[in-house]
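What follows is each chain in one-letter form.
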Amino acid sequence: MVETAKTKNGLETKIETRRLDFYYGPVQALFDISMQIPARQVTALIGPSGCGKSTFLRTLNRMNDIIDGTRLEGQVLLDGQDIYANGTDVVRLRKRIGMVFQKSNPFPKSIFDNVAYGPRIHGVKGRTTLAEIVERSLVRAGLWEEVKDRLETSAMELSGGQQQRLCIARALAVDPDILLMDEPASALDPRSTARIEDLIGELRRDYTIIIVTHNMQQAARVSDFTAFFYEGQLIEFGSTKQLFTAPKEKRTEDYITGRFG
């Protein structure tokens, strides 16, 4: 049994990266990233556009594997196990690490079938069991009361904010340990954004959440820890309160105060 590592704060480490370098062909996008992401906390990744936030996020569930010519050096450890080790079951890995994208991407299917899609792929067949999973997932995503009477209607009829919460429900339906969120509210109106932020606050009790956001106020509101990326490097990582009120690095302070970025 692998002994669970602890962060500097004494929290259980869920994901750890060690000396992580990442390349798109000959171009290096991430440089020597080492960090310990704590379990059942919200970690925000901030930094200017093109700094490597989303690339780093996608290394955590091997989504970059589908891009030709990419290469990773170093380690990404999930509960102490290297997810890039030979023989890793990537389908099972992505079941444990769900992902919600910047643009909501519901399938052109019913609301029910969207949420049931993942469990069906993983072998759940019984309608009663699927119905229980769908209801539980929609409740967790804060959407059940709005859609419970129209589960067989197309997901494409939902509003943008509802579609994004449906995508969160779809990710939750396979019972992941971790939720990766790549700017999940950037395309939404303020009210829908507030619903997503409230939802993140509720989900942190049960899931490790890592969110990429270009909105520093959002990072300050929703996260427990924040990592500042700049030009493919991790400049600073610490508690959100410390990083926003007393950053240790001048580049972090300059970015937070709007001097660049």
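Right above here is the structure, for reference.
For every chain, the first residue of its written sequence is number 1, and the numbers climb from 1 along that sequence. In keeping with the predicted nature of the model, local features appear solely for residues at pLDDT of at least 70, side-chain atom pairs appear and are counted solely at 80 or more, and the whole-chain, interface and lining totals rest on all residues. Hydrogens are left out, water is left out, and the side-chain values use all remaining heavy atoms of the structure.

*Asks:* Honestly, the packing of helix α4 (residues 127–140) against helix α6 (residues 160–172) in this entry has me stumped. Any pointers?
*Replies:* Pairs of packed helices are described in terms of their axes, by the angle between the two and the distance that separates them. Axis lines are fitted through C-alpha atoms, for helices just across the contact stretch, and the angle between N-to-C directions can take any value from 0 to 180 degrees. Helix and strand assignments follow DSSP, with helices taken as H or I runs no shorter than four residues and strands as E runs no shorter than two, numbered in order from the N terminus. Where α4 contacts α6, the axes come no closer than 8 Å and their chain directions differ by 130°. Our classification of the angle between α4 and α6 gives oblique. By crossing handedness, the relation of α4 to α6 is classed as right-handed. When α4 is examined against α6, the residues Ser137, Leu138 and Arg140 are found in contact with a partner set consisting of Leu166, Ala169 and Leu172. For the contact of α4 with α6, a count of residues per class yields 4 nonpolar, 1 polar and 1 charged. In these notes the angle categories are as follows: under 35 degrees is roughly parallel, over 145 is roughly antiparallel, 65 to 115 is roughly perpendicular, and the rest is oblique. By definition, turning the near helix anticlockwise from the far helix through less than a right angle yields a left-handed crossing, and turning it clockwise yields a right-handed one. Contact criterion: two residues are considered in contact whenever any of their non-hydrogen atoms come within 4.5 Å of each other. Note on residue categories: nonpolar means Ala, Val, Leu, Ile, Met, Phe, Trp, Tyr, Cys or Pro, charged means Asp, Glu, Lys or Arg, and polar means any other residue, Gly included.

*Asks:* Help me understand the sheet that holds strand β4 (residues 70–78) in this model?
*Replies:* Where strands meet in a sheet, backbone hydrogen bonds hold them as pairs that are either parallel or antiparallel. Strand pairing is assigned whenever DSSP identifies at least 2 bridges connecting the two strands. Taken in spatial order, the 4 strands of this open sheet run β2-β1-β4-β5, and their pairing is antiparallel. Edge strands, defined here as strands with exactly one partner in the open sheet, are β2 (27–38) and β5 (81–82). Pairing analysis gives 2 bridges linking β4 to β5, with the strands arranged antiparallel. Bridge pairing links Leu77 to Asp82 in β5.

*Asks:* Before we go on, may I ask you to explain α4 in this structure?
*Replies:* The periodicity of an α-helix, 3.6 residues per turn, causes residues three or four places apart in sequence to face the same way. The length a helix should cover is 1.5 Å for every residue beyond the first. The end-to-end C-alpha distance of α4 is 20 Å, a good match for the 20 Å that 14 residues give at a rise of 1.5 Å each. Considered for burial, the residues of α4 that qualify are Leu130, Ile133, Val134, Ser137 and Leu138. One face of α4 carries all of its buried residues, which in axial projection span an arc of 125°. Of the surrounding secondary structure, the elements contacted by the buried residues of α4 are α3 (111–121), α5 (144–147) and α6. Just beyond α4, the residue with positive phi is Gly142, at close to 70°. Between buried and exposed lies partly exposed: a residue is buried under 20% and exposed over 50% of the maximum accessible area for its type, with that area taken using a 1.4 Å probe on protein chains only. When we speak of the arc, we mean the arc of directions from the helix axis to the C-beta atoms.

*Asks:* Honestly, unusual backbone geometry in this entry has me stumped. Any pointers?
*Replies:* The bulk of non-glycine residues show a negative phi, and the bulk of peptide bonds are trans. Positive phi is not limited to glycine here, since Arg62 has a value of about 60°. Checked against the element boundaries, Arg62 lands in the loop between α1 (53–59) and β4. On the basis of relative accessibility, which here comes to 14%, the residue Arg62 falls in the buried class.

*Asks:* Which parts of the structure should I look at to understand the pairing of strand β3 (residues 42–46)?
*Replies:* A regular strand places its side chains on the two faces of the sheet in alternate fashion. Extensive coverage of β3 is indicated by the burial of 5 of its 5 residues. Judged by which residues are buried, β3 turns out to be covered on both faces: Val42, Ala44 and Ile46 on one side and Thr43 and Leu45 on the other are all buried. Pairing between β3 and strand β9 (residues 225–230): 4 bridges, direction parallel. Bridge pairing links Ala44 to Thr226 in β9.

Worth remembering: the numbers are spatial, not functional.
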